[in-house]
Amino acid sequence: MAASLSTANAANTANAAPLEYLLHFADNALVLGQRNAQWCGHGPVLEEDIAMANISLDLIGQSRMLYQHAAVLQGDGMTEDRLAYFRDASQYRNYTLVELPHHGPLAGTAASASDRDYATTIVRNFLYSSLMLLVWEALQQSSDPQLAAIAGKAVKETRYHVRHSLDWLIKFGDGTDESHARAQTALDHLLPYTQEFWTPCAFEAQAIAQGAGPSMQSLHAQWDACIDAALAQATLQRPSAGGHVTRGKEGLHSEHLSYLLGEMQGLARQHPEAVW
């Protein structure tokens, strides 16, 4: 029995996705989960407070499964907690989109909690979850069996994330003049960051070559169609996505990630040997 388990583990390791590829998805989920958790106790209505907390827990749960897989592959005593709490911002591989605060650029980096804009949160969640639904569906066919199993669970959760954010996007866009303006402003601000979804990088190319993951370009048309259909329902105008292309998945982040990680990692770094 021990020999067969060892053989199975070796086979899983041999077929494993690239480490940075796994960390990319884990970091996306953890960072956005942490961002959305900032609404806990501050949601516009009680039901939304609970819904956003549950979405955050889903995302953090996805990140845990991915970090656990990555930690086993990395070896040397690596753990999911060390990957989450003891890497610096430049070592994170998340999209810049998910680290941005809950407000537009005019609020500045020192904006307070009272400057949170729910339309910004909803638009970001819709743009990201619409992508990840396509990604998780494709990853169910990954040559990495552990990643495929994680995708099978994550795809069910992400369908709800899409539905939740789409419902609110339509309410904002097809609602009052103010809610429409907030949603349009958020879309104008955030859509250019989605260009990073389609920019190639080394670990994605390696994953494609191994059969561990899909070409992101192969998902572009489906994502565009999903976004266009939603914006039509919400009576929102799709802005140009041109301009600066961010490179968060290559470790080049905005200033916002360091502040977010400082808040998230502070306790663990003060007590690195603590057992909870």
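Just above sits the structure.
These numbers were taken from a predicted model, which means no experiment stands behind them.

Quick look at the overall build of the chain now. Broken down by element type, the chain carries ten helices and zero strands. The linear arrangement of helices and strands in the chain, starting from the amino end, is α-α-α-α-α-α-α-α-α-α. By residue count, 49% of the 276 residues in the chain fall in the buried class. Once local pairs closer than 6 in sequence are excluded, the contacts in the chain between residues at least 24 apart make up 82%. In the form shown here, the chain has an accessible surface area of approximately 12,800 Å², with 56% of it arising from carbon and sulfur atoms. For the chain, the distance from the average site of its 17 positive side-chain charges to the average site of its 29 negative ones is 3 Å.

Topologically, His-164 is positioned in helix H6 (residues 145–173). A relative accessible area of 7% places His-164 in the buried class. Contacts of His-164, omitting those with residues within four sequence positions, involve Glu-48, Ala-51, Met-52, Ile-55, Tyr-118 and Ile-122.

Take helix H3 (residues 46–74) next. Turn by turn, an α-helix covers 3.6 residues, leaving residues three or four places apart pointing in a common direction. For H3, with 29 residues, the first-to-last C-alpha span of 42 Å sits near the 42 Å given by 1.5 Å per residue. Two residues or fewer after H3 comes Gly-75, characterised by a positive phi angle close to 65°.

Okay, the pattern of salt bridges next. Side chains that differ in charge, positive against negative, can pair when their charged atoms come close. As enumerated under the stated definition, the model contains eleven salt bridges in all. Among the salt bridges present, the one from Arg-93 reaches Glu-20, with a minimum N-O distance of 3.0 Å. One end of the pair, Arg-93, is in the loop between helix H4 (80–85) and helix H5 (118–139); the other, Glu-20, is in helix H2 (residues 19–37), and 73 residues separate them in sequence. Residue Arg-87 is joined to Asp-27 by a salt bridge in which the shortest nitrogen-to-oxygen separation is 2.5 Å. Highlighted residues: Arg-87 in the loop between H4 and H5 and Asp-27 in helix H2, separated in sequence by 60 residues. Put simply, Asp-117, Glu-178 and Arg-182 are held in one network by salt bridges that share partners.

Each value, and the rule that gives it
- Residues numbered from 1 in each chain as written.
- Predicted model: local features only at pLDDT ≥ 70, side-chain atom pairs only at ≥ 80, totals over all residues.
- Heavy atoms only, no water.
- Helix = DSSP H or I, 4+ residues; strand = E, 2+ residues; numbered from the N terminus.
- Buried < 20%, exposed > 50% of the residue type's maximum accessible area, 1.4 Å probe, protein only.
- Contact = heavy atoms within 4.5 Å.
- Areas by Shrake-Rupley, 256 points an atom, 1.4 Å probe, with all protein chains shown as cover.
- Lys, Arg positive; Asp, Glu negative; His and termini not counted.
- Charge placed at Lys NZ, Arg CZ, Asp CG, Glu CD.
- Expected span 1.5 Å × (residues − 1).
- Salt bridge = Lys/Arg side-chain N within 4 Å of Asp/Glu carboxyl O.

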